[in-house]
Amino acid sequence: MAYPRLFDPIRIGSMTLKNRIVMAPMESHLGNADGSVSAEMIAYYRERALGGTGLIVIEFTCVDGHDGFSSMAPQLRLDNDRYRSGHGKLVAAIRSAGAHACVQISHAGRQSRESVIGRTPVAPSPVPLKSFFLNTGTPRELEEEDIRRIIASYANAARLAVSAGYDAVMLHGAHGYLLQQFLSPLVNRRDDQWGGDFERRMRFPIEVVKAVKAAIGDRTLLYRLSVSDFLDGGLTVEDGEKIAPRLCEAGVDGIDISCGSLDSVDVIVEPMSIAEGWRLPMARRIRAATGKPVICAGVMRWPDKAEQAIVDGDTDCVSLGRALLADPMWPIKARRGQAADIRPCTSCNWCIKETGSNRSVSCAENPRCGHETEPPIDGYGEGLRATVVGAGPGGMAAALMLEQAGFDVTLYEKRERLGGNLITSATPPNKEKLFWYHEFLLRRMERSKVTVRTGTAVDADMVARERPDALILAGGSRPAPLELEGYGNLPTAPAYEALIGEIVLPPSTPDRPILIYGGGETGTETAEYLAQRGHHVLLVSRSAASLLARNAEPLYRMHLLRRLRENSAIRIMDRTGLAAIDGDHVLLTREEERIAQPAAAVLLAHGLVPDTTLSDALGGIDVPTIRIGDAVQVARIGEAVRDAYRAVQDLRRLILQPEPIAC
Ligand SMILES: Cc1cc2nc3c(=O)[nH]c(=O)nc-3n(C[C@H](O)[C@H](O)[C@H](O)COP(=O)(O)O)c2cc1C
Ligand code: SF4
């Protein structure tokens, strides 16, 4: 068997897991509006259980609807007997698919919103939360009787969980939720029996653990611990080493290693720049300190790494969060030695953007994530021909899904390489994980029967001649029109051509830099990419510097902007326009001023618009046609792949049943 240690059974508390793979708790927004379990949620979790995961941890579930909800509603709840039966069905679905089931129970404390709970959020001390994700004002300090009520709520939720059939309960003691608020000196400023020094800050978590343990009897109790706040003056790993053994003495059977709070979200759901398995050294220390099984989450992406972490004694189990959104079949594929077939999570955090906008969980690469109740793509296209124009991520995904639907598919790409915007997105520094996805798509493409024609531009005549039964236009975008007073003979090109390797840039100096016009994601990333290659860059942005890369994934952006600020090869001019390219320099405008700036070359990153050239030219050609991705609206990989999935479903209807009703 591949990865024997990963598939070694393990006993944690009273449960014996069939392997060391745990699904990390992740809010899915798939529950019903009243906080109960829905059919969609059951299907979503069951799919991950069918994929071979040993322990499924259900997302954070509120112990007290009075003031315990997180800032995101609706949230699952277990504070009343009426929620039990839904959880019972969920547990049964998971168990019947061969996994154990655990539920994470939580109280958000100050990480809530008045608009969600209808009252001022509560906390150990009135310390406001000023995270860029959430700004909640000053919370109300908890009184003794509130604290007692909340401890009882944890115990009540745990009792309901056990009676619903859960094998284990996990306390959410991480990510800045109430348990962590009591532990962290940054938030707990009390000077009474619930705070003041380490011992008194420990008191609330210890009392919760004892109350929950008493409520669940011999069922397993897990504790998700942020072993470090990653904030000045906050909890450190050394604190974690003292806290974890105390929790275990009080009744915890295993620690799930996490870190951070809403003030340091970039260590909770790490952006693309963070290395695989970076939390393992922390897990190792907590494992040594407690002698109890530990579970380690955080950018575990490939079975090799997971196996090695267990072999090395860093952790006992690995927790997969986003990796299981991208590919629920990760464990089965690992077990079969088919790691290269795993659809790899790239930490692009599109899923975070979706759930953060209160939409249901989804994955940029796996459009079925969160839609598991929909039937799989069937063979409706047997005997038919489909053409896909454009081989970016959306086009490649569409071609593969059309083939799955039975079509004889031809994929056209005007460039010599498949990948389109996926290549330009993956090329800048710290984004190499995106190449994992590129390589995955190429492998899938190679194994498929899709006919690939690179270096071939498609026009309307070609479509008219070939007359496919279905046509998907995934031709992407083109630079937005840019009106200048003049174009001189300085080398000028769209910035993405530099990223894709289609142009060779002349040497640059601090006085005669490469000028990039446009402070969006492409402009800023191209600046970093060129600086890494020894160029001197002048990044010119029409907007204020505070708005640089404003559409980038926020956590990635935080790191990107920090790196830009620290990079001496990059100079930024904000609130500046480009008036003309003139001989060996450019003319810039800033307020009333006109500035002649020498430049070695100009790269344009001022914006993109959908390229509709082909669809405009198709006119009256009667072929069922759907446009997807940037060819409709310039967005991200997730939107393009989701469009592709919807297009393949919509074509089914267009082809098989153009009229949905008979009257
Ligand atoms: C969409 C999403 C929702 C999450 N919700 C929770 C949650 O409910 N409780 C929790 O403890 N962590 C939550 N997390 C954090 C994950 O459990 C996990 O620790 C984190 O994503 C890092 O692991 P990964 O790299 O395997 O994804 C969430 C993460 C994601 C991506
Ligand atoms: S959306 Fe991106 S980060 Fe989220 S699971 Fe999918 S690939 Fe991973």
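Residues numbered from 1 in each chain as written. Chains lettered and ligands numbered in written order. Predicted model: local features only at pLDDT ≥ 70, side-chain atom pairs only at ≥ 80, totals over all residues.

**Q** I tried to follow the site of ligand 2 on my own but got confused; where do I start?
**A** Looking at ligand 2, there are 14 residues lining it, with Arg322, Cys345, Cys348, Cys351 and Cys363 nearest. The biggest single contributor to the shell around ligand 2 is helix 10 (residues 322-326), with 3 residues. Here the shell around ligand 2 is built from residues that sort into 8 nonpolar, 4 polar and 2 charged. (Near = placed C-beta within 6 Å. Helix = DSSP H or I, 4+ residues; strand = E, 2+ residues; numbered from the N terminus. Nonpolar A, V, L, I, M, F, W, Y, C, P; charged D, E, K, R; others polar.)

**Q** Just to check I follow, could you spell out helix 6 (residues 198-216) for this structure?
**A** Because each turn of an α-helix spans 3.6 residues, side chains separated by three or four positions end up pointing in the same direction. With 19 residues, helix 6 should cover 27 Å at 1.5 Å per step; its first-to-last C-alpha distance of 27 Å lies within 8% of that length. At Phe204, helix 6 shows its largest bend, some 35°, and a proline, Pro205, comes one to four positions later. Three or more residues of helix 6 are buried, namely Arg201, Phe204, Pro205, Val208, Val209, Ala211, Val212, Ala215 and Ile216. The inward-facing, buried residues of helix 6 abut helix 4 (144-164), strand 10 (168-173), helix 5 (178-183), strand 11 (220-226) and helix 7 (237-250). (Expected span 1.5 Å × (residues − 1). Bend = angle between axes of the 7 residues up to and from the residue. Buried ≥ 20, exposed ≤ 12 C-beta atoms within 10 Å, placed from the backbone. Contact = placed C-beta atoms within 7 Å.)

**Q** I keep staring at the packing of helix 6 against helix 7 and nothing clicks. Help me out?
**A** When two helices pack together, their arrangement is captured by the angle between the axes and the distance separating the axes. Two numbers describe how helix 6 lies on helix 7: the axes approach to 9 Å, and their chain directions differ by 30°. Classified by the angle between their axes, helix 6 and helix 7 sit roughly parallel to one another. Between helix 6 and helix 7 the crossing geometry is right-handed. Every residue of helix 7 that contacts helix 6 at Met202, Pro205, Ile206, Val209 and Lys210 is listed here: Ile243, Arg246, Leu247 and Ala250. Of the residues assigned to the contact of helix 6 with helix 7, the class counts are 7 nonpolar, no polar and 2 charged. (Axes fitted to C-alpha atoms, helices over the stretch in contact; angles between N-to-C directions. Parallel < 35°, antiparallel > 145°, perpendicular 65-115°, else oblique. Left-handed = near helix turned anticlockwise from the far one by under 90°.)

**Q** Just checking my understanding: could you explain the domain arrangement of the chain for this structure?
**A** When cut into domains, the chain gives domain 1 (10-356), domain 2 (385-479 + 610-656) and domain 3 (492-606). Here the C-alpha centroids of domain 1 and domain 3 sit 42 Å apart. With 9 residues of domain 1 at the interface, the matching set in domain 3 holds 5 residues. Residue classes in the side of domain 1 that touches domain 3 are distributed as 5 nonpolar, 2 polar and 2 charged. (Domains from an automatic or database assignment.)

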